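Observations on the three-dimensional arrangement
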Amino acid sequence: MAHFIVLLGPPGAGKGTQAKAISEALQIPHVSSGDIFREHLSKQTELGKLADGYIKCGQLVPDDVTIRMIGDRLKQPDCVNGALLDGFPRTLPQAEALDDFLAKMGASVNTVISLEVPAEVLVERLSGRWSCPTCGRVYHEKYNPPQQARICDNDGTPLIQRPDDQAETVRQRIEVYRSQTEPLIEYYRQKGVLVRVDGTQSIEAVKQEILTVLAGVQ
Ligand code: AP5
Ligand code: MG
């Protein structure tokens, strides 16, 4: 059976941090809409340049563009057994488009993990975040430091800070989450696939809780 898992949560909730363990445990690829946009930007594609205009001010990229991009990604052969979606869907039209898309494949969203973290914690997490531009691994200068300062443990690339992690943009992103994405919690609760996880626990404790949940629903 294919496993389509959605990681839902505000900016800085820990979606990217938890993604690796989940995708390894279920043997499904990690599909992050934000990472795909940033990859396009680094290659200076038309899509990347368009997305950047929205990302840098903390707004969502329009639904039509985003839905097409994720639809194309889910058609790749590595998604035949499912995928871990991180950062998509983020609006009701995106959630409905995902349902339609998966229904055509004879699949559906199996589990939605809602990582819940209050706003004041999010700002601190994002201001201390460092990411690897090569492999996407995420660190925090206090909570999850790399072995060597500002160098990726995985591939030795110098770590970078995301331009949209400045406090003002973070506040805007949190606001956008509250107004446009939070309603998806109710959407998935009604479908009976929602699992709420307390994202303020340690990285390891969150990981164990998610893996336990997923082991139970397989
Ligand atoms: P995206 O890249 O998806 O960003 P986001 O949703 O804002 O989430 P983040 O990546 O900032 O946070 P995260 O939950 O992954 O946290 P992380 O694990 O890194 O999107 C960026 C932009 O792209 C959007 O603003 C939008 O413009 C556009 N976009 C993307 N998808 C879109 C869509 N579907 N539709 C339209 N537009 C879209 O952790 C954060 C920090 O906290 C790290 O430093 C980490 O080490 C630390 N940390 C994590 N867990 C813990 C813990 N338990 N305890 C202590 N520290 C922790
Ligand atoms: Mg992320």
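These lines cover the structure that appears in this document, whether it is placed above or below. (Residues numbered from 1 in each chain as written. Chains lettered and ligands numbered in written order. Predicted model: local features only at pLDDT ≥ 70, side-chain atom pairs only at ≥ 80, totals over all residues. Heavy atoms only, no water.)

What to know about the site of ligand 1
Within the structure, ligand 1 sits among 35 residues, and Thr17, Gln59, Arg90, Arg129 and Arg173 are positioned closest to it. Measuring from a nitrogen atom of ligand 1, one finds a side-chain N or O atom of Arg125 at 3.4 Å. At a separation of 2.6 Å, an oxygen atom of ligand 1 approaches a polar side-chain atom of Arg129. Here ligand 1 has 1,000 Å² of accessible area as a free molecule, and 97% of this is covered by the chains. Residue assignment for the shell around ligand 1 shows that the elements contributing at least two residues are α1 (15-26), α2 (33-42), α6 (119-127) and β6 (138-140). Per element, the largest residue contribution to the shell around ligand 1 is 4 residues, and it comes from α2. Residue composition of the shell around ligand 1, by class: 13 nonpolar, 14 polar and 8 charged. (Near = heavy atom within 4 Å. Polar contact = N/O pair within 3.5 Å; in protein donor to acceptor, adjacent residues only side chain to side chain. Areas by Shrake-Rupley, 256 points an atom, 1.4 Å probe, with all protein chains shown as cover. Helix = DSSP H or I, 4+ residues; strand = E, 2+ residues; numbered from the N terminus. Nonpolar A, V, L, I, M, F, W, Y, C, P; charged D, E, K, R; others polar.)

A look at the sheet that holds strand β4 (residues 111-116)
The strands making up a sheet are joined through hydrogen bonds of the backbone, oriented either antiparallel or parallel. An order of β2-β3-β1-β4-β7 is seen for the 5 strands of this open sheet, with the pairing classed as parallel. Taken across any chain shown, the strands that pair with only one partner, and hence form the sheet edges, are β2 (30-32) and β7 (194-198). Along the sheet, successive strands turn relative to each other by an average axial angle of 20 degrees, direction set aside. Where β4 meets β7, 5 bridges bridge the pair, whose relative direction is parallel. Looking across to β7, one finds that Ile113 is bridged to Val195. Of the strands in this sheet, β1 (3-8), β2, β3 (82-86) and β4 are in contact with α1, which crosses β1 at around 165 degrees. (Pairing = 2+ DSSP bridges. Axes fitted to C-alpha atoms, helices over the stretch in contact; angles between N-to-C directions. Contact = heavy atoms within 4.5 Å.)

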